[in-house]
Amino acid sequence: MANINDAFPSKYLSASDLGGRSATVTIANARIEQIGKGAEAGPKIVLQFVGKQKLFVCNKTNAKTIASLHGEDTEDWLGKSITIAPREVEFQGNMVWSIRVSLQRPAEAEAVQVAPKAVKAVRAAAAPAPQAAHDDIPF
C-alpha cells in the first residue's frame, strides 16, 4: 500500500503530520514568505522548528496566539517553545483538520531549552536541522 503523502511530499507541516498528537516545539527561525498562488497568494509568517524538517506556515490565528505568548516581534520568538496540535476547524463551510497553537505555555519540563547559538545557526543556515531526540513525531 502507498500513502498519498509519499507520492506528493510537502515541505510544509500539515495536521496529518502530527499523527493525531500534540507536539512541543522550539522556534529556530521566523520569516515572511509569499505563500499561495494567484489571487490567494500573500505574505505569511513561516516558522522553522529546532530538529524538524518541515516548515510551519502561520495563519493569522496562530500568529496572534504566538504573539500573545511571546510578543509581537517575531525576533522574540526565537528559542521559545510552543505546543501545536491537530484540531477540527471550519473552513469555507466545511470541517477540516488544521494545526492550532495552544494558548498555554509549554511546561518548563516539556520545553526544550535551546542555546542561542543553536537557534542562530539554524536561522543562518535556513536548512532543516536533524531530527530532535526529545520526541517521536517525525515531521
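Reading the values: the criteria
- Residues numbered from 1 in each chain as written.
- Predicted model: local features only at pLDDT ≥ 70, side-chain atom pairs only at ≥ 80, totals over all residues.
- Heavy atoms only, no water.
- Helix = DSSP H or I, 4+ residues; strand = E, 2+ residues; numbered from the N terminus.
- Contact = heavy atoms within 4.5 Å.
- pLDDT = per-residue confidence, 0-100.
- Buried < 20%, exposed > 50% of the residue type's maximum accessible area, 1.4 Å probe, protein only.
- Pairing = 2+ DSSP bridges.
- Axes fitted to C-alpha atoms, helices over the stretch in contact; angles between N-to-C directions.

A.B. asks: Run through the side chain of Asn62, naming residues and quoting values.
C.D. replies: Tracing the backbone shows Asn62 in helix H2 (residues 60-70). Once you skip the residues sitting within four places of it in the chain, Asn62 turns out to touch Phe56, Ile99, Arg100 and Val101.

A.B. asks: Mind laying out the confidence of the model for the chain, listing which residues take part and the relevant values?
C.D. replies: On average, residues of the chain score 85 in pLDDT, and 78% of them are at 70 or above. The least confident element of the chain is helix H3 (residues 116-125), whose mean pLDDT is 59; the most confident is strand E3 (residues 56-58), at 98. Across residues 127-134 the pLDDT falls below 50, and counting only partners more than four positions away or on other chains, this stretch makes 21 contacts in the model.

A.B. asks: Outline unusual backbone geometry, listing residues and values.
C.D. replies: The backbone of Gln92 sits at a positive phi, close to 50°, despite the residue not being glycine. Here Gln92 shows up in the loop between strand E4 (81-91) and strand E5 (94-101). Taking the relative accessible area as the measure of exposure, Gln92 reaches 69% and is therefore exposed.

A.B. asks: Which residues make up the sheet that holds strand E2 (residues 42-49), and what values go with them?
C.D. replies: What the 5 strands build is an open sheet, ordered E3-E2-E1-E4-E5; its pairing is antiparallel. Bordering the open sheet on either side are E3 and E5, each of which pairs with just one other strand. Strand-to-strand twist across the sheet, computed as the mean angle between neighbouring axes with direction ignored, equals 35°. Examined bridge by bridge, E4 and E5 share 8 bridges and lie antiparallel to one another. What sits directly across from Phe91, in E5, is Asn94. Strands strand E1 (23-35), E2, E3, E4 and E5 of the sheet are contacted by H2, whose axis makes an angle of about 25° with E5.

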